[in-house]
Each structure stands twice: as C-alpha cells, then as structure tokens.
Amino acid sequence: MDIYSPFNHLQSPIWIFDFDHKQIIWANDKALPLWESSSHDELRSRDLGKDMSAAVEATLEEYRETFKQNKTIKTWWHLDPRKVGKNLLCIFSGINLPDKRIAMLVEVVGDESSIRRELAFSDYSNLALLFNEQGNLVSANTVFTKNYGSDLSNLASFVGDIDIAQQWISDAKNNLNLKHSRLCWTGKSHIWFNIETKWLSDKSQLLLQVVNISKEKENLQRERYNAEHDFLTGLMNRRGISTALKASHHSSFPYHLLFLDLDSFKLINDTYGHAIGDKLLRAVAIRLLDTIRGRGLVARFGGDEFIIQVEDRYIPNLVQLTQEIISALNSPFYIKNIGEISIGCSIGTAQYPKDANSFETLITQADMAMHCAKKHGRNCSYHFQPHLAETLYRKNALRHHLSQALEIKDFELYYQPIIDLNTMLLKGFEALIRWHDDSLGHVSPAEFIPLAEETGQIIPIGSWVLRSACKQLEEWNQQYDTKLIMSINLSRAQLKMSLLDELKLIIEEYNIDPAQVALEITESAMLQEFSEAMSCLDAIAALGFELYLDDFGTGYSSLSQLQNLPISTVKLDQSFVQNEHDSGKAIVEATKAICNKLNLKVVAEGVETKEQLEYIQSCNFNYCQGYYFNKPLSVSELEKGILSTLLTKKQTQLH
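A brief report on the enclosed structure follows. Every value quoted in this text rests on a predicted model; they were computed, and no experiment measured them. (Residues numbered from 1 in each chain as written. Predicted model: local features only at pLDDT ≥ 70, side-chain atom pairs only at ≥ 80, totals over all residues. Heavy atoms only, no water.)

### A closer look at the overall build of the protein chain
Stage number 1. Helix and strand counts for the protein chain come out as 24 helices and 26 strands.
Stage number 2. Its C-alpha atoms give the protein chain a radius of gyration of 39 Å, clearly above 26 Å, the size a compact globule of 655 residues would have.
Stage number 3. If you line up the protein chain on its principal axes, its C-alpha atoms span 120 × 65 × 50 Å.
Stage number 4. Counting the 655 residues in the protein chain, one finds 46% classified as buried.
Stage number 5. Long-range contacts, defined as pairs at least 24 residues apart, comprise 59% of the intrachain contacts of the protein chain with a sequence gap of at least 6. (Helix = DSSP H or I, 4+ residues; strand = E, 2+ residues; numbered from the N terminus. Rg over C-alpha atoms; globule rule 2.2 N^0.38 Å. Buried < 20%, exposed > 50% of the residue type's maximum accessible area, 1.4 Å probe, protein only. Contact = heavy atoms within 4.5 Å.)

Here's what the structure looks like:
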C-alpha cells in the first residue's frame, strides 16, 4: 500500500522532494500537469539537481533546517519544467521518510493566473488584499471581509503611513522581496499581520498575502517573558537582566553590579529538603526587592545566586547599601511548618563603566569579588580589584597547562631526607612533586595541588607520584643495598578501594617491601567522610604499608579519630616546630605526650635551626626533616651527595 496515498485526496497539486537525491519521490495526479509530465515514473526519474543553482540549493538547505523545528513555509516558487515558466504559491513542510530522513512536502495553493482572476487562492487562515498603483484597495478576498469587514480603503490606512505605502509599491515594482511583521489597521481594529508583497505587472497591481499573527505575537511575548524570568521567584533570570543591561549600555548612567551568594544554603537544602529551600529562595527574593525598592534591578542568577543592579545616582554609599542587604537577609526567615531559619550572604561588587564596559565582564568581576568576600569570613561584601583578574587569568592558565603537564613530562620528584634522631642517620625520604612549566616557570605545589584536586587531575598526578617514587626506591634498594623508607603523600581523592589494586601492582612490579613505603594523609583530609576513608586505610595497613598522619595540629581532628586511625607515625606541622613562644612549645610537648600514650612515633617537620633541633631532641621526637639538614633535592643531587656517602660507608664496612 502506498504510504502517501492519503495525500491523493487533496485537491491541490502535491509532491514530495528528496533533499539528498534532488528528486521527486512521490506526486499526486494533480501535480503532473504542473511539471509537464506524462507519468509518475517519468517525473520520479528526473534529476532536478542537474541544473539547480547554488542559490536554490542553499535555499533548500535553509528550508530543511526550518522543517527540523516543525515549522512550515508559505511562499512563491518559480518552476520552469520543459522551459515553461510558472509562478506558484506553495506551502512547504517537512515529512519523515521511512529511513528517518526528512524530505519536503510541497502543496500548491495557487498560481498567478488564478490569483489575478479572483483572490480565492487562500485557505481559511490566509488573507489577500489587492491594491492599484495609487494604493487604493481594489479587492479583498472573502476571508478578509468576513473577518474584518469592508471598511478598509487604501494601503496607507492599512500600514498606517503614506510614505511606507508608497515605498512598498515602489519596492514591489522593482521586484524586491518584501516581507514584514506589522501592526496594521483593518478598518475596524489593529491586528498583527505577516505580510508578503507581489507586484502583478500585467495589471499594475500590488498583491498582499496576509496572515494574522496576533496569537503568535501574544505567545511570543509570553515566551519571551518566561525565557527572561525565573519561574520560582518571579525575578528576572540571567538572560533577562543581561538583555536589559545590554540594551541600556549605550545610554546608561554609571551603575554598580552586585553578585550575591547565600551562605550555607546547601545546608538548608540538605537539612530540610529542596521544597523548603525553594520557599526560602522566594522569601529572599521578596526581601531583596523590598530592600532595593525600585532603585534598580534584581535577578536570580541561578541556584542561590542573585544579581542586583543599582545606578550610582540612587546610592550615594555602596557600602551602606550592601550592609542594608546583608542586614535584611540576616533577619530570620519564618517558614511554615519549619519555624525560623537564619542565613547570611556574601556580596561581590563591580562598577560600570569604571571596572568594565560589558555585562559579561562585570559579572565575572563581581563573581570574583564575591568569592573574596567568602574568603574574608562570609556575610560581608568585597569590591572588585584588578589583581583578582590577574589571579583568575593565572588560575585558568594553570588549569590549561596542568592538563598537559603529565603528558609532556613536566613533573619531577624531589626528595627531602628524614633523619632518625636516635642515630642521627638517614631514615628515608619524603617524595615531593615539583613542576616547571616553560611559560609559567616554577609553580609551587601549594598553588597547583589545590587546583588539581578541584579539577580531578589529582588522581592521575597522584598515581604518577606513587609509581615514580616506588620505582626510584627500587633503584636505590639495588644500588645502595639499603632499606630506606619512602614517604609519599596521598590526596583524599585517592582514598578509594581501587587504590588497593594499584598498590598491589606497584609493589609486585618493583619488588618492594610494603613496609618501606609510608603513605601520608593530611589531618584535614580525614575530616571529610571519615568512615569511608577508614575502610580504605585499614585495607592499606593490612597490606603492610606504613601510614603517616601529616600536618598534625592544623586540621582539628579529634583524639578519637587519632586513636582509631591505623597509623604508625604522626608528622607535627612545621608551624609548631618553628614557633618559639610558650604556646607553640606547649603544643609540641602535648603532641609527643599524646603520641607516647597511643604508641605512635613522631616526625618534626620544618626543622631549620640548631636550637629547634635541640629542642625536639629534648622532647624525645623520633624523626625530623627540614632545611637544617637538607632541602628537597633532585635524584642527581642526592646521588652525588647523601647517597654517595652512604654507598662509600657500605663499601668501607665490607672491607
């Protein structure tokens, strides 16, 4: 059965055009005379792309894209089959083929001759008007008069301007393609129409194809409103405020842009659920509008972020305004069935045009300033400073180069000696990553490690450090016949059960005793999902690896955590070792006392002077490291120095 047979019942000529093969693949009987064709087979056999111009091909491609959006096109189309020229008014639409491709369905609704005889070409949704050369109405089709009456007299009245009417007639005479969406007077009311013009040269008349688009206009305005406003709060959204400010920039007074982020909003969502979070956001929006009180624009940027724009002339003191906003949001919110909820906010500000001329740049600047407000303790405001842009540029550059550093082997491991304080001999090394980039220079781990954790790149970097340090340990085991300890830092992100398989492969590949490897975890890392990390650490310890707790004293871990961790050694942060005040010494001595009770060894980090060394010795620390002995060194520096001396001692003992 012909799948297109339902189209046979249409009285209009109709056919289906294959875009890809430039062929008609189906046509009804009415279409054959238009194409000067004797049969369906003959019409389907024609290669319509043979003489097709590039312009027509481009037009058809535009039509195909339009059909993908489920839209139709009504326009004039010129055919010249067998060199017989024909101007046809057609409706083009998309139709899906069995192989899922889209083709073009063409329905001819009229031609020039039938339109000139009577304006009966229109279907029930299309209207037609015919004017003479002077712009007077000659005729209107019955659909128009039925819907809008017969009071319209001339084109100037219809378009509302005599100059425009004369221009339309002139353009049509010159064969210019004229299409307009315009609010027109029908003789009784103003209606939005889509209008296409056609000059009928044999009669010296202007034909208007007219379609009522009032509903579409209303829908468009509604869609535009919805697209530019936040459904939850009713405020403008990011797109809305961007459109408003971009439109006014050419004549706008200087203004301040405020980027506001609610502090600890995630905690509200996690505690009470998103429905309560949404109620709180609506309440915040109401308070912001009440605080600004018509002095500027308020928008919800997304999530718990808001944008406020206020012209300078309305706010003599920006700091005072930000304090008004902060105070307004600091007052408790009453949420039904929950009670009072308290929340704060951090605000970043930037000024137009002093700080930037574009909305996008101002947003970026105010956002950066807001994050500075967060760092300054939250519930405060911070104005954009130029150095913040430099910081952001640096961070973006680091992120880009960091993604390539492993691949191009820019990383290198340095090793800082760890000294056994009982024998004053070398116990081992801490492996420390170093990065030298050709364009960025030497990049501190304090700068790129947090960025790597933020981007997730810390996982492959951490794996590289593990493997490289263990490989170096194997080489030194063979070269110096010694059992040094290799201390390696782990990121919190690495503490997953998959790490166990990686560690097993490494010790098997390099034939390393796990007891020679000390894996360091920071105290602050253990505050994050403690129970999840514990199972991984227990499994690592069961494999025979040493576990060190690094930077002790800086992460606020509880003593209960400390006694439950499967660690053998605590590394006291250098800030306490180097603190010569009584408070610093009290922490050093308390740490040693706690570790003695828990049967843990202690490493003092950052020993830089003889006095510091003598003090930690008096406290009976087990190990230490620091610049007093050696800074982190490259492999070649170590092998020429400390390890070379070690090898010499070994050889002396053998003889």
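Once you've had a look at it, read on.
### Considerations on unusual backbone geometry
Stage number 1. For the bond from Tyr 352 to Pro 353, the omega torsion is 0°, close enough to zero to count as cis.
Stage number 2. Within the secondary structure, Pro 353 is located in the loop between strand S16 (344–352) and helix H13 (359–375).
Stage number 3. Of note in this structure, Glu 36 is not a glycine but carries a positive phi near 55°.
Stage number 4. Among the secondary structure elements, Glu 36 is positioned in the loop between helix H1 (31–34) and helix H2 (40–44).

### Here's the deal with the pattern of salt bridges
Stage number 1. Across all of its chains, the model carries 23 salt bridges by this definition.
Stage number 2. Glu 324 is paired through a salt bridge with Arg 295; the nearest N and O atoms lie 3.5 Å apart. Placement of the pair is Glu 324 in helix H12 (residues 318–330) and Arg 295 in the loop between helix H11 (274–292) and strand S12 (296–302), with a sequence separation of 29 residues.
Stage number 3. You can call Glu 324 partly exposed: its relative accessible area is 26%.
Stage number 4. Judged by its relative accessible area of 18%, Arg 295 falls in the buried class.
Stage number 5. A network of salt bridges, in which partner residues are shared, links Asp 18, Asp 20, Glu 61, Arg 64, Asp 99 and Arg 101. (Salt bridge = Lys/Arg side-chain N within 4 Å of Asp/Glu carboxyl O.)

### Focus: the sheet that holds S16
Stage number 1. Pairing is mixed in the open sheet, where five strands are placed in the order S12-S13-S11-S16-S17. Each edge of the open sheet is held by one strand with a lone partner, namely S12 and strand S17 (381–383). Taking each pair of neighbouring strands and ignoring which way they run, the sheet shows an average axis angle of 20°.
Stage number 2. For S16 and S17, the ladder comprises three bridges, and the chain directions are parallel. Counted as the bridge partner of Ile 347 is Ser 381 from S17. (Pairing = 2+ DSSP bridges. Axes fitted to C-alpha atoms, helices over the stretch in contact; angles between N-to-C directions.)

### Let's talk about the packing of helix H10 (residues 265–272) against H11
Stage number 1. At a closest axis distance of 7 Å, the pairing of H10 and H11 adopts a crossing angle of 140°. Overall, the two elements H10 and H11 adopt an arrangement that is oblique. Along the contact surface, H10 presents Phe 265, Ile 268, Asn 269 and Tyr 272, while H11 presents His 274, Ile 276, Gly 277, Leu 280 and Leu 281.
Stage number 2. Residue composition of the contact of H10 with H11, by class: six nonpolar, three polar and no charged. (Parallel < 35°, antiparallel > 145°, perpendicular 65-115°, else oblique. Nonpolar A, V, L, I, M, F, W, Y, C, P; charged D, E, K, R; others polar.)

### Quick word on the sheet that holds strand S1 (residues 14–18)
Each strand in a sheet pairs with another by means of backbone hydrogen bonds, the pair being arranged parallel or else antiparallel.
Stage number 1. Taken in spatial order, the five strands make up an open sheet running S2-S1-S5-S4-S3, and their pairing is antiparallel. At either margin of the open sheet sits one strand with a lone partner, and together these are strand S2 (23–27) and strand S3 (73–79). For this sheet, the mean inter-axis angle between neighbouring strands, taken without regard to orientation, is 40°.
Stage number 2. Both S1 and S2 contribute to a ladder of four bridges, which runs antiparallel. Residue Trp 15 lies in a different strand from S2, and its bridge partner there is Ala 27.

### Digging into the environment of Leu 258
Stage number 1. Its place among the elements puts Leu 258 in strand S11 (residues 255–263).
Stage number 2. Residue Leu 258 is classed as buried on the basis of its relative accessible area, which comes to 0%.
Stage number 3. Sequence-wise, Leu 258 and Pro 460 are 202 residues apart; in three dimensions their C-alpha atoms are separated by 39 Å.
Stage number 4. Those residues within four positions of Leu 258 in sequence are excluded, and the remaining contacts are Phe 306, Ile 307, Ile 308, Leu 318, Leu 321, Thr 322, Ile 325, Ile 347, Gly 348 and Thr 349.

### Focus: the nonpolar core
A general feature of soluble globular proteins is that nonpolar side chains tend to end up buried together.
Stage number 1. Membership of the largest hydrophobic core comes to 72 residues, with the highest contact counts inside it found for Trp 435, Met 486, Ile 488, Leu 519, Ile 540, Ile 616 and Phe 621.
Stage number 2. Broken down by element, this core gets its largest block of residues, nine residues, from helix H16 (residues 458–480).
Stage number 3. Core analysis: the second largest hydrophobic core is formed by 31 residues, Phe 265, Ile 268, Leu 281 and Cys 345 among them. (Core = buried A, V, L, I, M, F, W, Y, C linked by side-chain atoms within 4.5 Å.)

### A short note on the side chain of Thr 322
Stage number 1. With respect to the secondary-structure elements, Thr 322 resides in helix H12.
Stage number 2. Only 3.3 Å separates the side chain of Thr 322 from the side chain of Ser 381, close enough to count as a polar contact.
Stage number 3. Among all residues touching Thr 322, those that are not within four sequence positions of it are Leu 258, Ile 347, Thr 349 and Ser 381. (Polar contact = N/O pair within 3.5 Å; in protein donor to acceptor, adjacent residues only side chain to side chain.)

### Here we look at the packing of aromatic side chains
Stage number 1. In total, this model carries 18 aromatic pairs according to the counting rule given.
Stage number 2. With 4.9 Å between their ring centres and 25° between their planes, Tyr 255 and Tyr 352 make a pair best called stacked. Of the two residues, Tyr 255 sits in strand S11 while Tyr 352 sits in strand S16, which places them 97 residues apart along the sequence. Comparing Tyr 255 with Tyr 352, the two get one shared label, buried.
Stage number 3. Judged by centre distance (5.4 Å) and plane angle (85°), the rings of Trp 435 and Phe 448 are edge-to-face. Here Trp 435, found in strand S19 (residues 425–437), pairs with Phe 448, found in helix H15 (residues 445–455); they are 13 residues apart in sequence, far enough to count as distant. (Phe/Tyr/Trp six-rings, centres within 6.5 Å; stacked < 30°, edge-to-face > 60°.)

### Brief notes about H12
Stage number 1. Compared with the 18 Å implied by 1.5 Å per residue over 13 residues, the 18 Å span of H12 between its first and last C-alpha is a close match.
Stage number 2. Every buried residue of H12 is accounted for by Leu 318, Leu 321, Thr 322, Ile 325, Ile 326, Ala 328 and Leu 329. Down the axis of H12, the smallest arc covering the buried residues is 160°, so these residues share one side.
Stage number 3. The inward-facing, buried residues of H12 abut S11, H11, strand S13 (305–311), strand S14 (333–335), S16 and S17.
Stage number 4. Between the side-chain oxygen of the N-cap and the backbone nitrogen of Val 319 there are 3.0 Å, and the N-cap of H12 in question is Asn 317. (Expected span 1.5 Å × (residues − 1). Arc of directions from axis to C-beta.)

### Focus: the side chain of Ser 12
Stage number 1. With respect to the helices, strands and loops of the structure, Ser 12 is situated in the segment before S1.
Stage number 2. A polar contact of 3.5 Å, which involves the side chain of Ser 12, links it to the backbone oxygen of Val 108.
Stage number 3. If near-sequence neighbours (up to four positions away) are discounted, Ser 12 is found in contact with Asn 28, Lys 30, Glu 107 and Val 108.

### A word on helix H21 (residues 582–597)
Stage number 1. Relative to the 22 Å expected for 16 residues at 1.5 Å per residue, H21 spans 22 Å between its end C-alpha atoms, a close match to the ideal helical length.
Stage number 2. All buried positions along H21 are accounted for by Gly 584, Val 588, Thr 591, Lys 592 and Cys 595. Mapping the buried residues of H21 onto a view down its axis gives an arc of 95°, with all of them on the same face. Exposed side of H21, more than 90 degrees from the buried face: Asp 582 and Lys 597 are the residues found there.
Stage number 3. Of the surrounding secondary structure, the elements contacted by the buried residues of H21 are strand S23 (546–552), strand S24 (569–572), helix H20 (574–577), strand S25 (601–604) and helix H22 (610–618).
Stage number 4. Where H21 terminates, the next one or two residues include Asn 599, which has phi positive at roughly 60°.

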